[in-house]
Amino acid sequence: MKSILVEGPGQLKLVEKPVPDPGQGEVRVRVRHAGICGSDIHIYHGTHPFVRYPRVIGHEFAGAIDAVGSGVAVDRIGQRVAVTPVISCGACYQCRVGRPNVCKNLRVVGVHFDGGFSEYCCVPAELAHPVPETVDDRAAATVEPFSIAANMLSRTDVEPFEVALVYGAGPIGLTVIQALKGVYRVEKLIVVDRIEARLGWARAAGADLAINTSDRKLPDVLTEKGLTPTLIIDAACHPSILEEAIDLASPAARIGLMGFSPDPSRVSQRKLNAKELSIFASRLNNRQFPNVIDWMARGQIKPAQFISHNFPFTKVHEAFALLETTPADCCKVMLDFA
């Protein structure tokens, strides 16, 4: 089989590997489609903190089960599945309190062991979630990025009467935007970005107000329109955003942070307490795959709007180059394996 291997920083190769046999409790997935994530780019550049090389990357993928290991029902063969990359131990404090996505012994497919940028991939059977016929193959490969939005929004207890503000209309921001409008049906959805093309995607995804902050100050626009956000999601991930979000937020509002910047943010404890604000962080997904698959089956989210480019997996270098040289033109870039 052919696999996309990162041998070390800056060394991305298409290699031939033996087709793996599923072990006990595993299934083998014949991969059909896989999405490129920012973390795959970080692994390629050597800036990912947890990866060990060489590594077959890829944690956003879907396909069909073509073989099973011992202990797995044979009738799963042929089942179309989307694969969650989160593997937890089930025994640590985090797992025992229902937070396996931040497990002490967390492992991630495509990071800690070989992932889905390959014609075949073996994973624990419980990671492979059945996909109904109403969800097409490419959509199934976007369940993972939509699960990131699902996890964040499940933590912030979204109500339909929210005035929601989303910073950033890139790939993760767009999953949040689609979910806020299509699933939660929030009353007012405001999206801010500095790239006009992305704001166009946001409008298509349901944003009621899309603001380009390269030429307008967000506080001025909100004041002019009499809007005070009750829910703020930072999907742009710049350290300065939290400080502004605290100033803009309504009393009793919630602020969700989706970034991993190591740089500090300036936070006023007095402002937090005076408004009794709640701040939520979010990592990966906490058992959100069934929810997202249900959203797709009901037509509440539209993966086709999220996918901007498709490449044969053999042209992975071109796909990476597109993401790195013209990121403003890209949303989700997919690799096709079958």
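Just above, that's the structure.
Residues numbered from 1 in each chain as written. Predicted model: local features only at pLDDT ≥ 70, side-chain atom pairs only at ≥ 80, totals over all residues. Heavy atoms only, no water.

## Remarks on helix α6 (residues 196–204)
Every α-helix winds through 3.6 residues per turn, so residues three or four apart in the chain are directed the same way. Among the residues of α6, those classed as buried are R198, L199 and A202. The buried residues of α6 occupy an angular sector of 100° when projected down its axis, which confines them to one face. Directly after α6, the chain includes G206, whose backbone phi takes a positive value near 120°. (Buried < 20%, exposed > 50% of the residue type's maximum accessible area, 1.4 Å probe, protein only. Helix = DSSP H or I, 4+ residues; strand = E, 2+ residues; numbered from the N terminus. Arc of directions from axis to C-beta.)

## A few points about unusual backbone geometry
Look at the link from Y53 to P54: it is a cis peptide, with omega at -5°. Despite not being glycine, A252 shows a phi value in the positive range, around 70°. Even without a glycine there, the phi angle at R287 is positive, about 60°. Along the polypeptide, R287 turns up in the loop between β16 (278–281) and α10 (289–298).

## Remarks on the packing of helix α1 (residues 38–45) against helix α12 (residues 316–325)
α12 packs onto α1 with a crossing angle of 100° between their chain directions and a minimal axis gap of 11 Å. With respect to each other, α1 and α12 are oriented roughly perpendicular. Touching D40, I41, Y44 and H45 of α1 are F320, L323 and E324, all from α12. (Axes fitted to C-alpha atoms, helices over the stretch in contact; angles between N-to-C directions. Parallel < 35°, antiparallel > 145°, perpendicular 65-115°, else oblique. Contact = heavy atoms within 4.5 Å.)

## A word on the sheet that holds strand β11 (residues 163–167)
Taken in spatial order, the six strands make up an open sheet running β13-β12-β11-β14-β15-β16, and their pairing is parallel. Since the sheet does not close on itself, it has two edges, and those belong to β13 (209–212) and β16, each with one partner. Ignoring which end each strand starts from, the neighbouring axes of this sheet average 15° apart. The pairing of β11 with strand β14 (residues 231–234) spans four bridges and is classified as parallel. Residue pairing across strands places A164 opposite L231, the latter belonging to β14. Against the sheet, helix α8 (residues 239–248) touches β11, β14, β15 (254–257) and β16, its axis set at about 165° to β11. (Pairing = 2+ DSSP bridges.)

## Side note on the packing of aromatic side chains
The final tally for this structure, using the stated rule, is four aromatic pairs. Relative to F320, the ring of Y44 has its centre 5.7 Å away and its plane inclined at 90°; by these criteria the two rings are edge-to-face. Of this pair, Y44 sits in helix α1 while F320 is found in helix α12, placing the two residues 276 residues apart along the sequence. For the pair shown, Y44 and F320 are each scored as buried. Ring geometry for Y184 against W295: centres 6.4 Å apart, planes inclined by 80°, an arrangement best described as edge-to-face. Within this pair, whereas Y184 is found in the loop between α5 (171–182) and β12 (188–193), its partner W295 is found in helix α10, the two being separated by 111 residues in sequence. Across the ring face of Y120, the terminal group of R30 is positioned such that the distance to the ring centre comes to 5.2 Å. (Phe/Tyr/Trp six-rings, centres within 6.5 Å; stacked < 30°, edge-to-face > 60°. Lys NZ or Arg CZ within 6 Å of the ring centre and 35° of its normal.)

## Quick notes on the sheet that holds strand β2 (residues 11–16)
Reading across the sheet, the three strands line up as β2-β1-β4 and stay open at both edges, with antiparallel pairing between neighbours. Single-partner strands in this sheet number two, and they are β2 and β4 (55–56).

## So, the environment of D234
The residue D234 is located in strand β14 in this model. For the pair D234 and A245, spaced 11 residues apart in sequence, the C-alpha separation works out to 8.5 Å. With sequence-adjacent residues up to four places away left out, D234 is seen in contact with Y167, I241, G256, L257, M258 and G259. Within polar-contact distance, the side chain of D234 engages the backbone nitrogen of A236 at 3.0 Å. Within the structure, D234 has its side chain in polar contact with the backbone nitrogen of C237 (distance 2.7 Å). (Polar contact = N/O pair within 3.5 Å; in protein donor to acceptor, adjacent residues only side chain to side chain.)

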